[in-house]
Amino acid sequence: MPLFRSEEMTLCQLFLQSEAAYACVAELGELGLAQFRDLNPDVSAFQRKFVNEVRRCDEMERKLRYLEKEIKRDDIPILDTGENPEAPQPREMIDLEAAFEKLENELREVNQNSEALKKNFLELTELKHILRKTQTFFDERESLMETESMTRALIPEDVTSRQVVAPHNLGFVAGVILRERLPAFERMLWRACRGNVFLRQAEIDAALEDPVTGDQVYKSVFIIFFQGDQLKTRVKKICEGFRATLYPCPETPAERREMAIGVMTRIEDLNTVLGQTQDHRHRVLVAAAKNIKNWFVKVRKIKSIYHTLNLFNLDVTQKCLIAECWIPVTDMETIQMSLRRGTERSGSSVPPILNRMMTREVPPTYNRTNKFTAGFQNLVDAYGVATYREVNPASFTIVSFPFLFSMMFGDAGHGLLMTLFALWMVIKEKPLAAKKIQSEIWVICFAGRYIMLLMGVFSIYAGFIYNDVFSKGVNIFGSGYKVNLTDEELKHHHSAMLVPDEANGHYRQTPYPFGVDPIWMMAENKIPYLNAYKMKISIIFGVVHMGFGVILGIWNHRYFGRSMNILVEFIPQIIFLVFLFGYLCILMFIKWTKYYAGAEDQTLTPGCAPSILITFIGMVLFKYDTVPLDGCDNYMYPGQVTLQKVMIIVAVLVVPILLFGKPILFKIEMNKSKNHAALHNQNGTAEGEDVEVAGVPQTDGHEGGDEPHEFSDVMIHQAIHTIEYVLGSVSHTASYLRLWALSLAHSQLSEVLWLMVLRKGLMFQDWYGGVLLYFIFAAWAALTVSILVLMEGLSAFLHTLRLHWVEFQSKFYAGAGYLFVPFSFENIMEVQPGEE
Amino acid sequence: MTIGITPSLTSSYTDCLLICLSVLLQEKMPFCGPKCSLCCTIVSIWGIVQLVLMGVFFYTHSVALAEDLTLKEHYDDLNEFYKDVNASYEQNAYNCWIAAFIYLVTLCVSVHQFWLNNRVSYQV
């Protein structure tokens, strides 16, 4: 049976020839059925055998990431065909490395070149602007010069000093500065040069591109006139400080014109070169984008193979690698075949050796699941991975989970919505999986699509049983009730009681064939009636679920060789459960069938039916002296008092058996083995005897090796287990009442939504009622989906999960195993994109 | 006077409506994004199915929907009560069908928007 227990695993030793090792591991990676153990746990990552190869892979990944960044920067779409290339051979790795190196160098060169070109371009553009703008400045200077020569004659005192100074000694520097810095620049100049310099500036209208950052910045042209060398150095220093770029500007207009023409031609040339550089870069990146996903996959596969090879041990002869791995026993043949394939591909002659090892270690738990069962297995594993070879609750969860969910969610309309959504996800599962949507909520939702589909289908069924479709009942078969009242009675009474006995004629004497009679939706006492029904079936299903859990323990006891446990654990447990809570369920069935309206014997009328809860409390407290109501009987069947007394006494008596049974057995076995050992020692030695003597005290007849070996441990463990079971059976049984509570909450919420929202749309009797209904329906639909389907669905899901994890699994499940994590390329590929 | 004015008013109103519709249908840019149009499509389909069914159930005087009728608090005459009940059932049925029809229009518009959205994304 596939999912009943986890697979049988065996520890194997694998001898691989060094040449064949890589190819064999690649084959095993594709297969994904072997979990390798780390044979060098003390060795650090830098001392392992294949650390160089791993480093090379890391380097390749770095180059690929750089390439990817550049491709994304240029907005080139990366093709993802979803193909799965094979792990390349080691010699291919060198080719890949060379290719990546070439690509990276080319890109870096192109980037550097284009940066230098852009800088050049910027300088030339600034020079162009300067040449244009400075024309006006020089014109002004000319006029200034003239005024100076005119004033010179008027100042006779400084004639001598003036004569030394030539009119054209007014030096200047021209440059470009960011617009924001200009006011501060001007102020600084004024202060530093004591007002002896003359600044003129003009804004550059076009924005220039900064070569480093690529931003568009606004700059201004400035020209500073000064006299003397000292001022020149000062001005130059201030320009450096404000990071203004200075350009050599010729004095005469003719020279300036020539320079301008030269600059224009150079700018045009640069433009063409820049364009060509960008084109080249684009072409390189487009070519790379086609293969980059492929390369990523290949490099990851290589890296993972070398990581795995690092876990192996090198043989003494240095010729072959030894590996230890866990593999499922049924897959030995497949693994042998893939190993043979790997050796053939690597061209090695020596076949790999795979032999089983006997070990006392606990193997990992491996459940072979398909896309349908994987979801349910995940639900079970989330609480605790099953102990090796223990009964796997997942296979039963496939049915019990949606069923218990539907009991809490029971509305056919909401179930239909859930089913349709899940159906869409299931039908479109391949395209949706290929989209690789990263939203976590979607990933969880999509992974549980089969669970959701089953939950929806079961909810539709439960909706028909509860007769609840968006809070309205459907009358498919014709109600069992009919109103047998005269017009006079209808006129004068506000409400009427329809008693279903034969005399009154309100009931057709045949029940509604399937589900709750639709008349109950119109009844005032709908809730008390449904409460009684739902509470009882919750308890019944709860006891059945828990009883099933206890029964599943039998298979665990038998498999692990603890057959005596069946006597001292299973029998007391089941007796306790059945005699107390099973009896409670029997009482419910008796009450349902025995009492009916219109019975001739008054003790059988519904008014006389005794309360089951009171009966149960009386049974436990041995209280049988309550006075019954008039004409009624406290007991449902003859001999009830004696039977109840016997049952409670037996149930109480099995508790000490549960408590002491196992420890006593343990003690007996310990004494027996001690006697055995003593006996063997007395009879002298024989071959293999030492082994036997050494072996016997260790084995307590238990496999797995995690059983306590001391009497006190066993006693404490059993005491805890007993208390847990006894108290748990009461609390867990009551816990199943949440099936009733949530279903009541759901039906009331949906009723309120109809009453308060949709009915408002139906209140208007004119034609505009239709238009209003259009808007109100949209609101009602939105609230239904968000509150009733999503919120209630999530809530019911959680409660069902809790019922499974705590109430059901505590009866038989140990959950102390660890998961089988095989070396599989599929798993690695799935994990990595998420990390990036 | 009023009789004379209202026909012209209504005719100008319908003209306005026709102009709006034609502009809308010729509109190449969708006013509703892909998510909005998908949502509207789904709600419209649900609305049509549920409202048609509800209309049918109201029309056939189903008892389950009796609490959704608009009735007076107290009736003295039984015939008056029956008359009110029948009228209310029929009016509710019509209202449901009117709303279903408006949802049909919404469905057409949102499917058109959805198609436009998909078409726009194909053109690079």
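Along each chain, residues carry numbers from 1 onward, in the same order as the chain's sequence is written. Going through the entries in the order they are written, you letter the chains from A and number the ligands from 1. Residue-level local features of this predicted model are given only where pLDDT is at least 70; pairs of side-chain atoms are given and counted only at 80 or more, and the full residue set underlies all totals for whole chains, interfaces and linings. Side-chain numbers here rest on the full set of heavy atoms in the structure, without hydrogens or water.

In terms of regular secondary structure, chain A is built from 24 helices and 11 strands. Our radius of gyration is a C-alpha quantity, and the globule rule it is checked against amounts to 2.2 Å times the number of residues to the power 0.38. Relative to its length of 836 residues, chain A is extended, with a C-alpha radius of gyration of 44 Å against a globular reference of 28 Å. Its C-alpha atoms give chain A principal-axis dimensions of about 145 × 105 × 50 Å. Taking all 836 residues of chain A together, the buried fraction comes to 43%. What makes two residues a contact is simply this: any of their non-hydrogen atoms within 4.5 Å. Summarising the internal contacts of chain A: among those between residues at least 6 apart in sequence, 82% fall at separations of at least 24. Residue burial considers only the protein chains on display, and all accessible areas are found by Shrake-Rupley using a 1.4 Å probe. Accessible surface, chain A as shown: approximately 45300 Å² in total, 60% of it carbon and sulfur. Just so you know, the count uses Lys and Arg for positive and Asp and Glu for negative, and it drops His and the chain ends. Charge coordinates come from a single atom per side chain, which is NZ of Lys, CZ of Arg, CG of Asp or CD of Glu. Taken as two groups, the 82 positive and 95 negative side-chain charges of chain A have centres that lie 4 Å from each other. To qualify as a helix, a DSSP run of H or I must reach at least 4 residues; to qualify as a strand, a run of E must reach at least 2; elements of each kind are numbered from the N terminus. Throughout this description, buried means an accessible area under 20% of the type-specific maximum (1.4 Å probe, protein chains only), exposed means over 50%, and partly exposed covers the range between.

Right, let's talk about the state of the cysteines for a bit. Only a pair of cysteine sulfur atoms within 2.5 Å counts as a disulfide in this structure description. Within the structure shown, the criterion is met by 1 disulfide over all chains. Put simply, Cys608 of chain A and Cys632 of chain A are joined by a disulfide, and their sulfur atoms are 1.7 Å apart. Sign of the S-S torsion, about -70° for the bond between Cys608 of chain A and Cys632 of chain A, identifies this disulfide as left-handed. Highlighted residues: Cys608 of chain A in the loop between helix 17 (563-594) and helix 18 (612-621) and Cys632 of chain A in the loop between helix 18 and helix 19 (640-682), separated in sequence by 24 residues. Taking relative accessible area as the criterion, Cys608 of chain A reaches 6% and is therefore assigned buried. Cysteine Cys239 of chain A remains unbridged, with the sulfur of Cys193 of chain A as its closest cysteine sulfur at 9.4 Å. There is no disulfide at Cys39 of chain B, and the cysteine sulfur nearest it, in Cys40 of chain B, is 5.9 Å away. With a relative accessible area of 47%, Cys39 of chain B lands in the partly exposed category.

The positions UniProt marks with the feature "coiled-coil region" (unreviewed entry) are residues 50-127 of chain A. With 78% helix and 0% strand, residues 50-127 of chain A has end C-alpha atoms that lie 58 Å from one another. UniProt positions are given in the numbering used here, feature names are shortened, and annotations may be inferred rather than shown by experiment.

Paired rings are identified among Phe, Tyr and Trp, the last through its six-membered ring, by centres lying within 6.5 Å, and are further divided according to the angle between planes into stacked (under 30 degrees), edge-to-face (over 60) and tilted (the rest). Per the stated rule, a full pass over the model turns up 51 aromatic pairs over all chains. Taken together, a centroid distance of 5.6 Å and an interplanar angle of 40° make the contact between Phe50 of chain A and Tyr306 of chain A tilted. Of this pair, Phe50 of chain A sits in the loop between strand 2 (35-36) and helix 2 (51-73) while Tyr306 of chain A is found in helix 7 (residues 253-310), placing the two residues 256 residues apart along the sequence. The two residues Phe50 of chain A and Tyr306 of chain A agree in class, both being buried. With a centroid separation of 6.3 Å and an interplanar angle of 55°, the aromatic rings of Phe58 of chain B and Tyr89 of chain B are classed as tilted. Taken together, the residues span a long stretch of sequence, with Phe58 of chain B in helix 2 (residues 34-59) and Tyr89 of chain B in helix 3 (residues 78-122) at a distance of 31 residues. What makes Tyr89 of chain B buried here is its relative accessible area of 5%. Aromatic ring contacts, followed pair by pair, group Phe470, Trp754, Tyr774, Phe775, Phe777 and Trp780 of chain A together with Trp46 and Tyr103 of chain B into a single cluster. Arg449 of chain A extends its terminal NZ or CZ atom over the ring of Phe446 of chain A, reaching a point 4.3 Å from the ring centre. Charges are assigned to positions over rings by a cutoff of 6 Å between ring centre and Lys NZ or Arg CZ, combined with an angular limit of 35 degrees from the ring normal. The lysine or arginine in question, Lys667 of chain A, covers the ring of Phe711 of chain A, its NZ or CZ lying 4.8 Å from the ring centre.

Residue and element names in this part refer to chain A. Lines are fitted to the C-alpha atoms to define the axes, a helix being fitted only along its stretch in contact, and any angle between axes, read from their N-to-C directions, falls within 0 to 180 degrees. For the pair helix 2 and helix 7, interaxial distance at closest approach is 8 Å and the crossing angle is 155°. The angle between helix 2 and helix 7 places the two elements in the roughly antiparallel class. Of the two possible hands of crossing, helix 2 and helix 7 adopt the one that is left-handed. Amino acids are sorted into nonpolar (Ala, Val, Leu, Ile, Met, Phe, Trp, Tyr, Cys and Pro), charged (Asp, Glu, Lys and Arg) and polar (every other residue, Gly among them). Taken together, the residues of the contact of helix 2 with helix 7 break down into 16 nonpolar, 2 polar and 11 charged. Throughout this description, any angle smaller than 35 degrees is read as roughly parallel, any larger than 145 degrees as roughly antiparallel, any in the 65 to 115 degree range as roughly perpendicular, and the remainder as oblique. It is the rotation of the near helix from the far one that decides the hand of a crossing: anticlockwise by less than a right angle makes it left-handed, clockwise makes it right-handed.

Moving on: the sheet that holds strand 3 (residues 170-178) of chain A. All names here are of chain A. Strands are labelled as partners when DSSP assigns at least two bridges between them. With antiparallel pairing, 4 strands are arranged side by side in an open sheet as 4-7-3-8. Every interior strand has two partners, whereas the edge strands, strand 4 (198-203) and strand 8 (245-247), have only one. Going from strand to strand, the sheet's axes swing by 25° on average, the running direction of each strand aside.

The next point concerns the confidence of the model for chain B. Residue and element names in this part refer to chain B. On a range of 0 to 100, pLDDT expresses the predictor's confidence in each residue. Averaged over all residues, the pLDDT of chain B equals 82, while 73% of them reach at least 70. Confidence, expressed as mean pLDDT per element, reaches its minimum in chain B at helix 1 (residues 2-26) with 59 and its maximum at helix 2 with 93. Note that residues 1-7 has pLDDT below 50 and, in this model, 0 contacts with residues that lie over four places away or in other chains.

In many analyses, interface size is given as the accessible surface area lost on bringing the parts together. Domain annotation of chain A identifies domain 1 (9-105 + 283-356), domain 2 (110-144 + 169-275) and domain 3 (372-477 + 512-678 + 712-811). Boundary definitions for the domains trace back to an automatic or database domain assignment. The C-alpha-based centres of domain 2 of chain A and domain 3 of chain A are spaced at 85 Å.

Residues and elements named next belong to chain A. Every helix has an expected span of 1.5 Å times one less than the residues it contains. An ideal rise of 1.5 Å per residue puts 36 Å on 25 residues; helix 21 (residues 711-735) measures up with 34 Å between its terminal C-alpha atoms. When the local axis directions of helix 21 are compared, the greatest deviation, roughly 35°, occurs at Gly728. Taken residue by residue, helix 21 has Val714, Gln718, Thr722, Tyr725, Val726, Gly728, Ser729, His732, Thr733 and Ser735 as its buried positions. Fitting axes to the seven residues ending at a residue and to the seven starting there, one defines the bend at that residue as the angle between these axes.

This next bit is on the pairing of strand 7 (residues 219-227) of chain A. Residues and elements named next belong to chain A. Here strand 7 lies mainly inside the structure; 8 of its 9 residues are buried. By the bridge criterion, 9 bridges tie strand 3 to strand 7 in an arrangement that is antiparallel. Bridge pairing links Val176 to Val221 in strand 7. Direction of pairing for strand 4 relative to strand 7: antiparallel, over a ladder of 6 bridges. Considered in strand 7, the bridge of Leu199 is made with Ile224.

The subject of this paragraph is unusual backbone geometry. Residues and elements named next belong to chain A. Residues other than glycine seldom take positive phi values, yet Asp75 does so here, at roughly 60°. On the secondary structure map, Asp75 appears in the loop between helix 2 and helix 3 (90-152). Phi at Phe622 is positive, roughly 60°, even though this residue is not glycine. In this fold, Phe622 is placed in the loop between helix 18 and helix 19. A relative accessible area of 40% places Phe622 in the partly exposed class.

A word on helix 2 of chain B. All names here are of chain B. Here helix 2 spans 37 Å end to end across 26 residues, near enough to the 38 Å set by a 1.5 Å rise per residue. Turning to helix 2, its buried residues number three or more, namely Ser37, Thr41, Ser44, Trp46, Gly47, Ile48, Gln50, Leu51, Met54, Gly55 and Phe58. A positive backbone phi angle near 55° is found at His61, which sits one or two residues after helix 2.

On to the pairing of strand 10 (residues 320-328) of chain A, then. All names here are of chain A. Extensive coverage of strand 10 is indicated by the burial of 9 of its 9 residues. Residues of strand 10 alternate between two faces, with Cys320, Ile322, Glu324, Trp326 and Pro328 on one and Leu321, Ala323, Cys325 and Ile327 on the opposite face, all of them buried. Sheet topology places strand 1 (residues 9-17) next to strand 10; 9 bridges connect them, and they run antiparallel. Looking at the pairing, Gln17 lines up with Cys320 of strand 10. Inspection of the sheet shows strand 2 paired to strand 10 by 2 bridges, in the antiparallel sense. Bridge pairing in strand 10 links Gln35 to Trp326. What sits between the antiparallel neighbours strand 9 (residues 313-314) and strand 10 is a turn of 5 residues, in which Gln318 has the positive phi angle 65°.

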